[in-house]
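Architecture and fold: a report
This is what each chain is made of:
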Amino acid sequence: MSLPELSTPIRVYWDMTPLPGNPPDHEQITEGIIELKILNLDITATGSTLPAVCYTVLQKCTAARMGVTLTISPAALTETASASLAQAPPKELLFEVTDIDTLHALIPLPGSVAGVSFPPSEQNWSTIPDVIRFCSQNSLKRLVFPMQRLYKGEVPFHIPAGGLKDISDDLSAFQPDPGLRITVHDPFVWRAIFPLTPFPEGRCQAANTMLSIDQEGIVYPCPVMPVPLGDLNESSLKQIAKGEFKKAIRSKILSLPGECVACAEVESCKGGCRGRGERVFGSWEALDPGCR
């Protein structure tokens with residue numbers, strides 16, 4: 001079942017680093033997030049150090065009782081950073097890891113770190129089953145396979161159909177530890193890992209339950225959909241979230257791609273990732289290339 005259509009989002013993804021030469025007003029953005037009564041804020045700050053403003057944002061958001069997930073690089077969690085984060089700890093602290101060898105070297109994780117974010121890529125997707133098994137066997141609480149960021153002209157990535165089958169076959173006889181909570185944003189990767197469980201959000205939730213903010217303060221429907229909705233250097237988040245352009249984009253997302261209408265499996269994927277389809281083929285009527 002798809003989630004309902006909302007007047008304002010309940011989750012914001014905020015990619016804070018690398019900081020641009022002329023960064024946006026982070027505290028003003030934070031106040032806008034709090035004003036919208038966002039339930040969950042996912043901050044990604046994966047540079048070698050955590051910017052000082054990150055601590056200020058955390059203090060304000062935790063004081064507002066917002067659930068904050070902070071994803072950082074392992075190198076950034078120095079003793080000084082740990083002490084500062086302890087003053088306003090995020091609900092969930094994750095390490096971003098891009099290869100399984102690095103993951104092995106991080107165990108045991110520091111006590112404040114719940115688990116890892118593992119962005120799938122051309123170089124590492126084949127290790128997804130090994131990553132799941134390793135996290136399960138080492139009592140990690142969280143494993144996230146995050147959305148790709150397509151803000152800066154990055155090439156969209158998807159796992160080929162044969163690769164998805166390989167993942168599914170590899171995991172067919174494996175049951176993850178029930179203490180490990182796994183989040184998968186790609187509906188086709190979800191189906192490969194959890195073939196018997198419907199995708200939890202039903203259809204694409206871009207510009208509905210979620211919005212995303214890039215390092216420059218530009219707001220998007222989601223990290224994978226590089227259609228700017230507004231600029232927080234010029235407008236408030238509330239104005240953008242309730243704006244007519246955002247509503248128009250959501251309307252496009254709600255209509256299934258024309259290429260998907262006759263598909264027998266459309267009820268399971270609901271058109272897949274609309275951002276990838278629009279980015280790769282330049283049309284809202286195109287299906288997600290991850291489906292091919």
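Residues numbered from 1 in each chain as written. Predicted model: local features only at pLDDT ≥ 70, side-chain atom pairs only at ≥ 80, totals over all residues. Heavy atoms only, no water.

Helix and strand content of the chain: eleven helices and ten strands. A compact globule built from 292 residues should have a C-alpha radius of gyration of about 19 Å, and the chain, at 19 Å, falls within 12% of that. Across its three principal directions, the C-alpha atoms of the chain cover 55 × 50 × 30 Å. For the chain, the proportion of its 292 residues judged to be buried stands at 52%. Accessible surface, the chain: about 13,500 Å² in total, of which carbon and sulfur atoms supply 53%. (Helix = DSSP H or I, 4+ residues; strand = E, 2+ residues; numbered from the N terminus. Rg over C-alpha atoms; globule rule 2.2 N^0.38 Å. Buried < 20%, exposed > 50% of the residue type's maximum accessible area, 1.4 Å probe, protein only. Areas by Shrake-Rupley, 256 points an atom, 1.4 Å probe, with all protein chains shown as cover.)

It is characteristic of soluble globular proteins that their nonpolar side chains tend to be buried jointly. I33, L41, F95, I132, L143, F145 and I193 are the most contacted members of the largest nonpolar core, which totals 83 residues. With six residues, helix α2 (residues 52-63) is the largest single contributor of residues to this core. Other than its neighbours up to four places away in sequence, I193 contacts I128, I132, F145, I167, L171 and V184. (Core = buried A, V, L, I, M, F, W, Y, C linked by side-chain atoms within 4.5 Å. Contact = heavy atoms within 4.5 Å.)

Taken as a whole and assessed by the stated rule, the structure comprises four aromatic pairs. Their ring planes at 75° and their centres at 6.1 Å tell us that W190 and F199 sit as a pair that is edge-to-face. Note on accessibility: W190 and F199 belong to one class, buried. Members of the aromatic cluster, each reached through a chain of ring pairs, are W190, F194 and F199. (Phe/Tyr/Trp six-rings, centres within 6.5 Å; stacked < 30°, edge-to-face > 60°.)

Turning our attention to the packing of helix α5 (residues 128-137) against helix α6 (residues 161-171). Two numbers describe a pair of packed helices, the interaxial angle and the distance between the axes. At a closest axis distance of 9 Å, the pairing of α5 and α6 adopts a crossing angle of 35°. Along the contact surface, α5 presents I128, P129, I132 and R133, while α6 presents I167, D170 and L171. (Axes fitted to C-alpha atoms, helices over the stretch in contact; angles between N-to-C directions.)

In this section: the pattern of salt bridges. Overall, the coordinates contain 13 salt bridges when judged by the stated rule. Between E92 and R181 there is a salt bridge; the shortest N-O distance is 3.4 Å. Taken together, the positions of E92 in strand β4 (residues 92-96) and R181 in strand β7 (residues 181-184) put the pair 89 residues apart, joining distant regions of the chain. The exposure class of E92 is buried, given its relative accessible area of 10%. Ionic pairing is found between D288 and R276, a salt bridge with its closest N-O pair at 2.8 Å. Taken as a pair, D288 in the segment after α11 (274-281) and R276 in helix α11 lie far apart in primary sequence, twelve residues in all. For the pair shown, D288 and R276 are each scored as buried. Members of the salt-bridge network, linked through shared partners, are E92, R142 and R181. (Salt bridge = Lys/Arg side-chain N within 4 Å of Asp/Glu carboxyl O.)

In this section: the packing of helix α1 (residues 26-35) against α2. In the contact formed by α1 and α2, the axes pass within 10 Å of each other and the chain directions differ by 20°. Accordingly, the angle class assigned to the pair α1 and α2 is roughly parallel. Crossing of α1 against α2: the hand is right-handed. Contact residues: α1 offers H26, E27, T30, E31 and I34, while α2 offers V53, T56, V57, K60 and C61. Among the residues forming the contact of α1 with α2, the class breakdown is four nonpolar, three polar and three charged. (Parallel < 35°, antiparallel > 145°, perpendicular 65-115°, else oblique. Left-handed = near helix turned anticlockwise from the far one by under 90°. Nonpolar A, V, L, I, M, F, W, Y, C, P; charged D, E, K, R; others polar.)

Glancing now at the environment of T44. Within the element layout of this structure, T44 appears in strand β2 (residues 40-45). The buried category is assigned to T44, whose relative accessible area is 14%. Taking the C-alpha atoms as reference points, T44 and D15, separated by 29 residues in sequence, lie 4.8 Å from one another. Those residues in contact with T44 that lie beyond four places of it in its chain are W14, D15, M16, T17, T71 and R149.

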